[in-house]
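# Commentary on secondary and tertiary structure
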Amino acid sequence: MANIVNNPEVYFSGLIPERDEILKQLEYEAEKENIPIAGPVVGQLLFVLARAKGAGNILELGTATGYSAIYLGRACAPAGGRVTTIENDPEMAARAIKNISRAGLGKTVSVIESEVLQTLPGLGELFDFVFMDIEKKDYNKALSLVTPVSKPGCLLIADNTAFADAVEFNQAISHSQAWDSVQLFSYIPMHSALNDGLCFGVRTRQL
Ligand SMILES: C[S@@+](CC[C@H](N)C(=O)[O-])C[C@H]1O[C@@H](n2cnc3c(N)ncnc32)[C@H](O)[C@@H]1O
């Protein structure tokens, strides 16, 4: 049997990459105000996946203060990619616009202040990378609206899929005609106190 390092949680927490001032400030505000941001491990995961995919048109559902949008923007900006992120709380949307601009990503990331379920059908463009991070009860409806705006090969990342409200979404994507997917159920350091799950899907088929 292979030996596992002692206390993997502490061990892997020590390997999380350093963040710059803007990300550290957003982490501090999230902690202080209880804002559920993705955190540095999922942030870095989004960066790695979006860069590896060469994502050119990214859609984010749920902006909050712009923390994960900054990771996504930094992943695609060097190749001229774009991020559209949707947030229905006007105060959060305003904060995100300021933070994204401070991060130098004002031209890369557009914040739309609106309700995802109303806005998706009218977006009129196709995406190759989607990060879903809104109310979990809306995930299933959002999936049916994301599918028609996703290109073949689109990568979908849905956060917190172990939450009870994501059960319908999990059923739908696992039986989907359009997506192949996998669920990861693991503790992610500094992400959540819960083992809260991440779903990865790839758009492999037409409906
Ligand atoms: C988990 S937070 C997003 C965190 C962000 N992705 C990050 O990691 O920095 C979810 C955000 O989505 C917004 N939201 C929830 N349901 C929404 C919906 N149906 N339409 C638009 N925004 C929504 C909430 O106001 C909240 O700010």
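For the structure, see preceding data.
First, a word on what this report is: a plain description of the structure on this page.

Residues lying three or four places apart along an α-helix face the same way, a consequence of the helix completing one turn every 3.6 residues. End to end, helix H5 (residues 90–102) covers 19 Å across 13 residues, agreeing with the expected 18 Å (1.5 Å per residue, within 8%). Within H5 the residues assigned to the buried category are Ala93, Arg95, Ala96, Asn99 and Ile100. Buried residues of H5, viewed axially, fall in a sector of 165°; they line one side. The exposed set on the far side of H5, more than 90 degrees from its buried face, consists of Pro90 and Glu91. Residues of H5 that are buried in the fold lie against helix H2 (21–33), helix H4 (67–76), strand S2 (82–87) and strand S3 (109–113). Gly104 sits one or two positions beyond H5 and adopts a positive phi of about 75°.

Moving on, we come to the pairing of strand S4 (residues 127–132). Of all six residues in S4, six are buried, a share of seventy percent or more. The pairing of strand S1 (residues 57–61) with S4 spans four bridges and is parallel. Across the sheet, Glu60 pairs through a bridge with Phe131, a residue of S4. Taken together, the five bridges between S4 and strand S5 (residues 150–159) define a ladder with parallel strand orientation. Considered in S5, the bridge of Val130 is made with Leu156. After leaving S4, the chain enters helix H7 (residues 139–146) and then returns to the sheet as S5, a path that is right-handed.

Overall, mixed pairing links the seven strands, which are arranged S3-S2-S1-S4-S5-S7-S6 in an open sheet. Each edge of the open sheet carries a strand with a single partner, namely S3 and strand S6 (179–184). Neighbour-to-neighbour, the strand axes of this sheet turn through a mean angle of 15°, independent of strand direction. Here helix H8 (residues 167–174) sits on the sheet and contacts S5, S6 and strand S7 (198–203); the angle it forms with S6, its principal contact strand, is near 135°.

Before going further, it helps to examine the nonpolar core. Ranked by size, the top nonpolar core spans 51 residues in total, and within it Ile58, Leu72, Val130, Met132 and Leu156 carry the most contacts. Looking at which element gives the most residues to this core, the answer is H4, with seven residues. Contact partners of Ile58, with chain neighbours within four places excluded, come to Ala50, Leu72, Cys76, Gly81, Arg82, Val83, Phe127 and Phe129.

For the rest of this paragraph, the subject is the site of the ligand. Around the ligand sit 20 residues, and of these Ala38, Gly62, Tyr67, Ser68 and Asn88 come closest. When residues of the shell around the ligand are traced back to their parent elements, those giving at least two are H4, S2 and helix H6 (116–119).

With that out of the way, let us pick up H7. Of all the positions in H7, only Tyr139, Ala142, Leu143 and Val146 are classed as buried. One side of H7 carries all its buried residues, which in axial view fall inside an arc of 105°. Residues of H7 that are buried in the fold lie against S1, H6, S4, S5 and H8.

The backbone phi angle of Asn34 is positive, close to 60°, even though this residue is not glycine. Tracing the backbone shows Asn34 in the loop between H2 and helix H3 (39–53). Since 7 C-beta atoms lie within 10 Å of it, Asn34 is described here as exposed.

Cut-offs used in this document
- Within any chain, residue numbers begin from 1 and follow the written order of that chain's sequence.
- With pLDDT at 70 or above as the cut-off, local features in this predicted model cover only qualifying residues; side-chain atom pairs require 80 or more to be listed or tallied, and sums for whole chains, interfaces and linings still use all residues.
- The helix count covers DSSP runs of H or I at least four residues long, the strand count covers runs of E at least two residues long, and both are numbered beginning at the N terminus.
- The span expected for a helix works out to 1.5 Å for each residue beyond the first.
- Between the buried cut of 20 or more and the exposed cut of 12 or fewer other C-beta atoms within 10 Å of a residue's own C-beta lies the partly exposed class, and all C-beta atoms are placed from the backbone.
- What the arc covers is the set of directions going from the helix axis to the C-beta atoms.
- Two residues qualify as being in contact provided that their C-beta atoms, derived from the backbone, are within 7 Å of each other.
- For two strands to count as paired, DSSP must find a minimum of two bridges between them.
- Orient the strands so they point away from the viewer; a crossover is then right-handed if the path from the first strand over the helix to the second runs clockwise.
- The convention used is that axes are lines fitted to C-alpha atoms, helices contributing only their stretch in contact, and that angles between N-to-C directions extend from 0 to 180 degrees.
- In plain words, the nonpolar core is the set of buried Ala, Val, Leu, Ile, Met, Phe, Trp, Tyr and Cys residues that C-beta atoms within 7 Å link up.
- Here is the check we use: build the C-beta atom from the backbone, and if it is within 6 Å of the molecule or strand, call the residue near.

These values are about where atoms sit, not about what they do.
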